[in-house]
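# Coordinate inspection notes
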Amino acid sequence: MARIRSVKPEFWDSPDTARASLRCRLFYIAMWNWADDWGIGDANAGRLVSFAFPNDDDISAADYPTLRREVSECYGVDFYEVAGRQFYAIPTWETHQRTEKKARRSNPGPEDADTPGNTRESNRPTLSGGLSDTQPRIPARGKGEVGSGKGEVGSKDLSTSGERSPDVLALFAEAWKHWPKQTKEAPALAKFKTAAKSTDATKLAADIARFGDAYEETTIVKWTPSLDVWLNQKRWTEALPVADQQDRKPTRTEQNLDFVAQLAREEEMMQKGIEQ
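Now for a description of the structure that goes with this document. (Residues numbered from 1 in each chain as written. Predicted model: local features only at pLDDT ≥ 70, side-chain atom pairs only at ≥ 80, totals over all residues. Heavy atoms only, no water.)

## Some points on the nonpolar core
One broad rule of soluble globular proteins: the nonpolar side chains tend to lie buried together. The following threshold applies: Buried Ala, Val, Leu, Ile, Met, Phe, Trp, Tyr and Cys residues that are joined via side-chain atoms within 4.5 Å together make up what is termed a nonpolar core. Burial classification: accessible surface area is computed with a 1.4 Å probe over protein chains only, and a residue below 20% of its type maximum counts as buried, one above 50% as exposed, and the rest as partly exposed. Secondary structure elements are defined from DSSP: runs of H or I of at least 4 residues count as helices, runs of E of at least 2 residues count as strands, and each element is numbered from the N terminus. Here, two residues are considered to be in contact whenever any of their heavy atoms come within 4.5 Å of each other.
Counting 26 residues, the largest nonpolar core has Phe27 and Tyr88 as its most contacted members. Among the elements of the structure, helix H2 (22-34), helix H3 (45-52) and helix H4 (64-75) are those that each provide at least two residues to this core. Filtering out sequence-adjacent residues up to four positions away, Phe27 remains in contact with Leu48, Val49, Ala52, Phe53, Tyr64, Leu67 and Val71. With 19 residues, the next largest nonpolar core counts Ala175, Trp176, Leu204 and Trp230 among its residues.

## Things to note about the environment of Ala188
Relative to the helices and strands, Ala188 resides in helix H7 (residues 185-196). Spatially, the C-alpha atom of Ala188 lies 8.8 Å from that of Asn232, the residues being 44 residues apart in sequence. Apart from the residues within four sequence positions on either side, Ala188 is in contact with Phe172, Trp176, Leu227, Asp228 and Leu231.

## Notes on the pairing of strand S2 (residues 78-82)
Regular strands have side chains that alternate between both faces of the sheet. Put simply, the rule is: The pairing criterion is simple: DSSP has to find at least two bridges between the two strands.
Across the five residues of S2, four count as buried, placing the element largely inside the fold. Linking S2 to strand S3 (residues 85-89), which pair antiparallel, is a turn of two residues; within it Ala83 sits at a positive phi near 55 degrees.

## Describing the packing of aromatic side chains
Two measures describe an aromatic ring pair: the distance that separates the ring centres and the angle between the ring planes. Here is the rule we go by: Pairing of aromatic rings covers Phe, Tyr and Trp, the last through its six-membered ring, and needs centres within 6.5 Å; plane angles under 30 degrees mean stacked, over 60 mean edge-to-face, and all others mean tilted.
Inspection of every chain in the model, using the stated rule, returns 13 aromatic pairs. Considering the side-chain rings of Trp230 and Trp236, the 5.9 Å spacing of their centres and the 55 degrees angle between planes classify their relative orientation as tilted. With relative accessibility at 13%, the residue Trp236 sits in the buried group. By way of ring pairs, the aromatic residues Trp179, Phe211, Tyr215, Trp230 and Trp236 are connected into one cluster.

## So, a nonpolar patch on the surface
Convention followed: A patch consists of residues exposed above 30% relative accessible area that lack any salt bridge, with like charges linked at up to 9 Å and nonpolar side chains (Val, Leu, Ile, Met, Phe, Trp, Tyr) linked at up to 5 Å. Working definition of accessibility: Shrake-Rupley area with a 1.4 Å probe, residue cover restricted to the visible protein chains. Any carboxyl oxygen of Asp or Glu within 4 Å of a side-chain nitrogen of Lys or Arg constitutes a salt bridge here.
Together, Phe259, Val260 and Leu263 give the surface a local cluster of nonpolar side chains, amounting to about 300 Å² of exposed area. Relative to the assigned elements, Val260 resides in helix H10 (residues 252-275).

## Some thoughts on the pattern of salt bridges
Throughout the structure, instances matching the rule amount to eight salt bridges. Between Asp58 and Arg23 there is a salt bridge; the shortest N-O distance is 3.3 Å. With Asp58 in the loop between H3 and H4 and Arg23 in helix H2, the pair connects residues that are 35 residues apart, well separated along the chain. Arg23 gets classed as partly exposed once you look at its relative accessible area, which sits at 35%. A salt bridge links Asp207 to Arg210, with the shortest nitrogen-to-oxygen separation between them at 3.0 Å. Pair noted here: Asp207 and Arg210 are both in helix H8 (residues 201-218), with a separation of three residues, about one helical turn. Classification of Arg210 by relative accessible area gives buried; the value is 17%. One network of salt bridges, in which partners are shared, links Arg23, Asp58 and Asp63.

## Thoughts on H4
Operational definition: To estimate the expected span of a helix, subtract one from its residue number and multiply by 1.5 Å.
The end-to-end C-alpha separation of H4 is 16 Å, in line with the 16 Å expected for 12 residues at 1.5 Å each. Those residues of H4 not exposed but buried are Tyr64, Leu67, Arg68, Glu70, Val71, Ser72, Cys74 and Tyr75. Where H4 is buried, its residues meet helix H1 (15-19), H2, H3, S2 and S3.

## Considering the state of the cysteines
To keep things clear, this is the line we draw: Note on terminology: pairs of cysteine sulfur atoms within 2.5 Å are recorded as disulfides.
Following the criterion strictly, the structure yields zero disulfides and no others. No disulfide involves Cys24; its sulfur sits 4.8 Å from the nearest other cysteine sulfur, which is in Cys74. The exposure class assigned to Cys24 is buried, which follows from its relative accessible area of 0%. On the basis of relative accessibility, which here comes to 4%, the residue Cys74 falls in the buried class.

Take a look at the structure:
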């Protein structure tokens, strides 16, 4: 489902846009609308081109290879394949889009790719935070089962390569993305550094991601502890939070029904005003 996205004024006079053709610029903006809340989209040629150019008979799926190559070269978009399906990832997503309430991640990321789709290697940062192959990674959000008791966020464990010590800043940056209450980042980083002196930093980052996903699913944001408090109290040793039925977050269906009911009430009030 397409979504509303923001385009910053700097986009229009950026060097990347200056190198792109008019079709490429429009196609790239459409890709932002087509992508999910994590900057990842279905790269099926027919669906993507028909979404971007619904009223242009002279542009079809046959033009897709050219458009794909150009957005990759001008804007660094990564194309890849997972289980026979094509996807794309916008590497600058987190820099340009602020999504207050992200939907649970459903599309696989570049780290899950069977084979890369790009014809060249991109040196731009990816959605995984630009970590090198020798640095530890936190599994992509949304792949694990919250409250499953398995103690995992995704299908792969965090690990370090060889004797290389983990990059504390990179680990924290990845873990921070999972925390639903995005406040007091600097104090949280300070607490993370302190805790990492006596606790395995890689495991701690995974715990933050695991608990962050659990809070996302079970707890209203205002009742979620800030990460600096959570770290200071060493709450990674506790059980994962469980939703209280009275305070649980409304489901997407419930939110949609409330929205439809509100529209109906407003229409009824307008109709009464016209009759009077």
